[in-house]
Number of protein chains: 2
Amino acid sequence: MASRSKRIVIIGGIASGPAAAAKAKRIDPTAEVIIYEKGPHVSLGVCELPYLLTGEIPNPDTLIIQTPESLKRDKGVLAFPRHRVEAIFPSRRLIEVRSLGEGISREERYDKLIIASGCRAKTLNEIPTGLDNVFHLKTLSEAIALKTFIHERRPKRVCIVGAGFVGIEAAEAFRIMGLNVDMIFLEERPLPYIDDEGRRIVERILTDNGITLHANQSVLSTTTSGKRLLAVRTSQREIEADVFLIAIGFLPNVEFARAAGIRIGQDGGILTDQRQMTNIDGIYAAGDCTEIRDISTRKTMMMPFASLAYRTARVAGENAAGGSASFKGAVPNSILHVFGYEIAQCGVTVASLKERGFTPVHAHVLAQSRVSFMPGSEPMFVSMTADARSRVILNANIIAKEHAAQRANVAALAIRKHMTIDEFLESDFVYTPRSAPMIDPLHVCARKLQLKSGS
Amino acid sequence: MASRSKRIVIIGGIASGPAAAAKAKRIDPTAEVIIYEKGPHVSLGVCELPYLLTGEIPNPDTLIIQTPESLKRDKGVLAFPRHRVEAIFPSRRLIEVRSLGEGISREERYDKLIIASGCRAKTLNEIPTGLDNVFHLKTLSEAIALKTFIHERRPKRVCIVGAGFVGIEAAEAFRIMGLNVDMIFLEERPLPYIDDEGRRIVERILTDNGITLHANQSVLSTTTSGKRLLAVRTSQREIEADVFLIAIGFLPNVEFARAAGIRIGQDGGILTDQRQMTNIDGIYAAGDCTEIRDISTRKTMMMPFASLAYRTARVAGENAAGGSASFKGAVPNSILHVFGYEIAQCGVTVASLKERGFTPVHAHVLAQSRVSFMPGSEPMFVSMTADARSRVILNANIIAKEHAAQRANVAALAIRKHMTIDEFLESDFVYTPRSAPMIDPLHVCARKLQLKSGS
């Protein structure tokens with residue numbers, strides 16, 4: 001019997017799937033590497049969807065990074081879009097995959113399996129399905145449908161449910177397209193992933209840009225006419241709109257994995273070890289369908305960021321192909337760039353830290369992005385949190401019209417290296433009047449934190 | 001006999017002097033804190049001098065951060081401008097100070113002394129003194145004199161000798177003021193503090209902006225007419241100009257310290273311990289007149305950066321006042337912002353590393369500042385160096401029209417923490433299409449370095 005090449009099957013082809021596939025094929029060029037993707041496209045830029053709406057990206061095709069043809073030609077990877085994996089049978093090393101085009105299911109064998117099934121937009125039970133003017137913004141098809149709707153129907157008012165990343169990015173896009181924007185959200189202030197002072201600034205940025213905020217509310221009931229949603233009712237008011245966007249978060253696509261006995265974490269994502277292997281031998285997982293270990297708290301949590309999808313995918317791909325890579329965890333480090341502001345959040349919130357047994361000490365400052373009297377200098381908000389006992393830095397929020405993103409990367413490195421406030425104050429920042437103030441805003445905040453924490 | 005308050009005398013009042021004074025007074029409010037400054041001003045912004053020429057700072061008074069009056073009122077510090085300290089007598093704890101206004105010298109006692117005498121522009125022996133159209137750009141008076149000369153005499157051509165920070169910043173200012181600029185320098189390419197690929201880019205930025213470069217040359221002789229310098233001659237050519245700027249570096253002001261037996265390092269700066277104390281008990285030093293320990297190589301060297309002047313001054317001030325602070329060294333981390341580019345250098349050059357016994361492995365890449373197809377994305381040059389044996393990162397150069405400065409701060413933190421290439425590749429960077437590409441340029445370069453260093 002001829003020796004058979006190893007077959008690595010990857011479930012999901014948007015972001016981490018193709019990255020894992022390419023890495024696996026590079027590690028073991030003899031392996032057969034196959035991607036099944038339920039949607040119509042593989043290898044997509046998803047973070048860019050709001051910029052299709054704003055027009056910063058005029059052509060949706062720009063977001064299609066690879067096609068099945070280019071993946072085959074450039075990477076030697078076989079990709080099958082419109083193929084949904086419906087079940088895994090680990091004991092037989094088989095999957096059941098359904099060709100959505102043909103409407104037939106078949107079983108396929110694998111030697112190693114990588115689950116890179118990502119996540120999907122959460123739906124709102126209170127809103128009926130099948131309405132024409134209710135959208136999500138998670139897939140390319142949804143973005144194109146939303147854009148087409150706006151161009152064809154010329155709506156005047158949009159109601160967004162949710163005030164996270166997608167809701168806020170979409171709010172800006174709608175404003176650019178000339179719509180009035182109402183925003184309904186459960187929390188007291190928008191952007192619950194950051195600490196309270198930062199949320200106050202985000203709140204002001206949104207209201208300053210003409211967005212009407214409806215805090216502490218959720219949709220309780222709806223008024224529809226045929227296939228059109230006319231209004232939603234919350235505990236406080238009725239909000240009419242011509243178009244609705246539901247942006248209340250993501251759910252990892254793990255149902256088929258759970259059914260196969262793969263362990264799922266508290267936040268609903270697949271749990272893996274440092275090699276990105278699940279509890280079932282030979283089955284790996286990567287990207288937005290997995291939970292990632294937070295470096296500071298050691299807890300696993302959802303961190304649906306493209307950069308982490310990529311990094312975990314490379315580890316899963318390498319290991320599935322017989323290599324030995326590891327991913328030890330991450331500092332959640334993300335940024336929202338809206339209405340001319342960079343809003344960066346690094347580490348988990350003070351509220352989460354308390355839940356996890358830390359005693360946070362917290363400080364915030366308003367500094368300047370450059371020497372204050374130089375042209376272009378902008379106010380820069382920084383907040384930082386450390387543990388009162390160990391003095392180790394645990395989070396940072398930075399909001400400014402410039403230079404916030406990269407400062408979050410400095411803070412993330414300090415958090416990753418478990419630096420204390422005092423050690424961080426010994427670190428080196430560049431200074432030139434045109435680019436940065438002499439005492440960096442991160443140091444200004446760290447010094448305040450040092451004083452507050454009693455040294 | 002009544003108990004006498006401690007007297008802390010500080011030599012030099014531009015940057016580190018006032019910082020040390022303020023810190024000392026805060027630590028020991030009963031101390032008498034006195035600054036002697038030989039020039040007419042105390043507490044000046046010196047890094048901003050080029051922007052007086054460009055007009056970004058219209059009013060020179062903006063650069064006077066404190067006056068003797070405000071220092072007394074706000075900080076309780078006595079400052080005496082136009083007072084030059086001419087000698088230290090450590091055995092008697094006395095200094096000899098000359099009032100330049102009155103033309104008289106006197107002795108003053110000190111309990112603790114802080115030398116914060118800074119540095120001065122190097123002069124060029126080949127150029128006669130006393131010429132009307134030859135300038136340096138180190139003091140506020142020099143900047144004002146140069147600006148006045150240009151406004152009154154309307155020169156058309158300037159010749160700059162030197163291609164370091166000051167020479168290049170001045171070159172841009174002269175271009176903004178409409179002058180033709182010739183630049184003479186000893187090295188093959190401008191900006192010797194960075195590695196060669198970076199220098200090639202700087203060379204192109206300068207020539208693209210109309211500056212005529214004369215590399216590998218020095219001034220050998222001059223042609224003068226009365227008090228006017230008409231031309232300088234190098235080994236290769238004669239260069240005529242209407243005004244000349246000498247910007248060939250700085251010399252620490254340490255002659256009086258050396259005469260008092262204070263130990264001076266190989267680069268000409270005062271040597272201190274981690275408490276910023278010199279070899280003489282009770283005499284501290286801080287700022288540009290001192291050498292600073294480089295974190296990577298453990299050697300002391302000149303790092304004439306305002307941020308380090310400030311940090312060392314605070315340590316000297318605290319310790320002189322009876323506190324216990326330490327300064328363990330720095331990663332040289334600096335930036336030049338000219339012609340719309342941020343040119344950042346972090347760590348010492350490959351050439352210096354070789355001299356100091358390292359076996360450098362080096363990589364460079366051209367990446368993008370944002371997702372490449374997003375509006376505003378700019379090419380970003382990154383080079384990085386690691387030690388071939390330990391794989392520890394030793395330097396980084398970053399050049400781009402945006403976001404280079406803050407990336408140098410990330411690199412500086414990695415260097416300070418002695419991170420290996422491999423560990424650095426596990427670090428966390430924010431990603432959003434409008435602000436940063438999915439794989440950070442620093443990671444792109446680190447990955448290339450990883451491949452080159454054989455892993």
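Please refer to the structure higher up on the page.
Residues numbered from 1 in each chain as written. Chains lettered and ligands numbered in written order. Predicted model: local features only at pLDDT ≥ 70, side-chain atom pairs only at ≥ 80, totals over all residues. Heavy atoms only, no water.

**Q** Give me helix 6 (residues 196-208) of chain B: which residues, what numbers.
**A** Residues spaced three or four apart along an α-helix point in a common direction, a consequence of the helix completing one turn every 3.6 residues. Along its 13 residues, helix 6 of chain B runs 18 Å from first to last C-alpha, staying within 8% of the 18 Å computed at 1.5 Å per residue. Within helix 6 of chain B, burial applies to Glu197, Gly198, Arg199, Ile201, Val202, Ile205 and Leu206 of chain B. (Helix = DSSP H or I, 4+ residues; strand = E, 2+ residues; numbered from the N terminus. Expected span 1.5 Å × (residues − 1). Buried < 20%, exposed > 50% of the residue type's maximum accessible area, 1.4 Å probe, protein only.)

**Q** Can you tell me about the environment of Gln368 of chain B, naming the residues and giving the values?
**A** Residue and element names in this part refer to chain B. For Gln368, the location among the structural elements is in strand 23 (residues 360-368). A residue is classified by how much of its surface remains accessible, and Gln368, at 26% relative accessible area, is partly exposed. Along the sequence, Gln368 and Glu318 sit 50 residues apart, while their C-alpha atoms lie 44 Å from each other. Those residues within four positions of Gln368 in sequence are excluded, and the remaining contacts are Ser377, Glu378, Pro379, Met380, Pro437 and Pro441. At 2.6 Å, the side chain of Gln368 and the side chain of Ser377 are in polar contact. (Contact = heavy atoms within 4.5 Å. Polar contact = N/O pair within 3.5 Å; in protein donor to acceptor, adjacent residues only side chain to side chain.)

**Q** Could you give an account of the packing of helix 10 (residues 404-416) of chain A against helix 10 (residues 404-416) of chain B, with specific residues and numbers?
**A** Axis angle and axis distance: for two packed helices, these are the angle between their axes and the distance between the axes, and together they describe the pair. It is at 8 Å that the axes of helix 10 of chain A and helix 10 of chain B come closest, and there the two elements cross at 10°. Judged by the inter-axis angle, helix 10 of chain A sits roughly parallel to helix 10 of chain B. Touching Gln406, Arg407, Asn409, Val410, Leu413 and Ala414 of chain A of helix 10 of chain A are Gln406, Arg407, Asn409, Val410, Leu413 and Ala414 of chain B, all from helix 10 of chain B. Residue classes in the contact of helix 10 of chain A with helix 10 of chain B are distributed as 6 nonpolar, 4 polar and 2 charged. (Axes fitted to C-alpha atoms, helices over the stretch in contact; angles between N-to-C directions. Parallel < 35°, antiparallel > 145°, perpendicular 65-115°, else oblique. Nonpolar A, V, L, I, M, F, W, Y, C, P; charged D, E, K, R; others polar.)

**Q** Which residues make up the sheet that holds strand 21 (residues 333-338) of chain B, and what values do they have?
**A** All names here are of chain B. Taken together, 5 strands build an open sheet; the order of strands is 21-22-25-24-23 and the sheet is antiparallel. With partners counted over all chains shown, the strands left at the sheet margins are strand 21 and strand 23, one partner each. Neighbouring strand axes in the sheet, compared pairwise and without regard to direction, differ in orientation by 10° on average. Across 7 bridges, the pairing between strand 24 (residues 379-387) and strand 25 (residues 393-400) is antiparallel. Looking at the pairing, Ala386 lines up with Ile393 of strand 25. Contacting strand 21, strand 22 (341-346), strand 24 and strand 25, helix 10 runs over the sheet at an angle of about 175° to strand 25. (Pairing = 2+ DSSP bridges.)

**Q** Hey, could you go over the relation of the copies chain A and chain B for me, with residue numbers and the actual values?
**A** For the pair chain A and chain B, the relating rotation is 180°, the translation along its axis is 0.0 Å, and the fit reaches an RMSD of 0.0 Å. Here the copies are linked by what is in effect a two-fold axis. A share of 100% of interface residues in chain A that are also interface residues in chain B marks the association as one of identical surfaces. (Least-squares fit on C-alpha atoms with pLDDT ≥ 70 in both.)

**Q** How would you summarise the packing of aromatic side chains if you had to cite specific residues and measurements?
**A** Residue and element names in this part refer to chain A. A full pass over the atoms with the stated rule returns 8 aromatic pairs over all chains. Look at Phe135 and Phe149: their rings are 5.3 Å apart centre to centre, the planes differ by 65°, and that puts the pair in the edge-to-face class. Here Phe135 is found in strand 9 (residues 134-135), whereas its partner Phe149 is found in helix 4 (residues 140-153), with 14 residues between them in sequence. Note on accessibility: Phe135 and Phe149 belong to one class, buried. Ring plane angle 85° and centroid distance 6.1 Å describe the contact between Phe424 and Phe429, whose orientation is recorded as edge-to-face. (Phe/Tyr/Trp six-rings, centres within 6.5 Å; stacked < 30°, edge-to-face > 60°.)

**Q** Any details on the pairing of strand 5 (residues 94-99) of chain B? Residues and values, ideally.
**A** Residue and element names in this part refer to chain B. Of the strand pairs in this sheet, strand 4 (residues 83-89) and strand 5 are connected by 6 bridges, and their pairing is antiparallel. Note that in strand 5 the partner of Val85 across the bridge is Val97. Count of turn residues in the strand 4/strand 5 antiparallel hairpin: 4 residues, of which Arg93 carries a positive phi of about 50°. Alignment of strand 5 against strand 6 (residues 104-109), held across 6 bridges, turns out to be antiparallel. Across the sheet, the residue bridging to Glu96 is Glu107, located in strand 6. Count of turn residues in the strand 5/strand 6 antiparallel hairpin: 4 residues, of which Gly103 carries a positive phi of about 70°.

**Q** I'd like to hear about the pattern of salt bridges, residue by residue, with values.
**A** Scanning the model with the defined rule gives 55 salt bridges over all chains in all. Across the salt bridge formed by Arg311 of chain B and Asp428 of chain A, the nearest N and O atoms sit 3.3 Å from each other. Of this pair, Arg311 of chain B sits in helix 8 (residues 306-320) while Asp428 of chain A sits in the loop between helix 11 (421-424) and helix 12 (441-452), placing the two residues on different chains. With respect to class, Arg311 of chain B is no different from Asp428 of chain A; both count as buried. Here Arg120 of chain B and Glu255 of chain B are joined by a salt bridge, their closest N and O atoms 2.9 Å apart. In this pair, Arg120 of chain B is assigned in strand 8 (residues 119-121) and Glu255 of chain B in helix 7 (residues 255-259), connecting sequence segments 135 residues apart. On the basis of relative accessibility, which here comes to 43%, the residue Glu255 of chain B falls in the partly exposed class. Several salt bridges converge on common partners, so that one network encompasses Glu188, Arg189, Asp196, Arg199, Arg200 and Glu203 of chain A. (Salt bridge = Lys/Arg side-chain N within 4 Å of Asp/Glu carboxyl O.)

**Q** Pulling in residues and values, what's your account of helix 10 of chain A?
**A** With 13 residues, helix 10 of chain A extends 18 Å from end C-alpha to end C-alpha; this agrees with the ideal 18 Å at 1.5 Å per step. Count one or two residues on from helix 10 of chain A and you reach His418 of chain A, which has phi positive near 50°.

**Q** Help me get a handle on the state of the cysteines, residues and values and all.
**A** Residue and element names in this part refer to chain A. One pass over the structure, following the stated rule, counts 0 disulfides over all chains. Free cysteine Cys119: the closest other cysteine sulfur is in Cys289, separated by 8.6 Å. For Cys119, a relative accessible area of 9% puts it in the buried group. (Disulfide = S-S within 2.5 Å.)

**Q** Residues and numbers for the nonpolar core, please.
**A** Grouped together as the largest cluster of nonpolar side chains are 70 residues, with contacts concentrated most on Met384 and Phe424 of chain A together with Met384 and Phe424 of chain B. In contact with Met384 of chain B, not counting residues within four places along its chain, are Val361, His362, Ala363, Ile393, Asn395, Ala396, Phe424, Leu442, Cys445, Ala446 and Leu449 of chain B. (Core = buried A, V, L, I, M, F, W, Y, C linked by side-chain atoms within 4.5 Å.)

**Q** Please provide a residue-by-residue account of the sheet that holds strand 13 (residues 221-225) of chain A, values included.
**A** Residues and elements named next belong to chain A. Spatial strand order, 13-14-15: 3 strands in an open sheet with antiparallel pairing. Each edge of the sheet is formed by a strand with only one pairing partner; in this case those strands are strand 13 and strand 15 (238-240). When the angles between neighbouring strand axes are averaged without regard to direction, this sheet yields 25°. Where strand 14 (residues 228-233) meets strand 15, 3 bridges bridge the pair, whose relative direction is antiparallel. Residue pairing in the sheet places Val232 in a bridge with Ile239 of strand 15.

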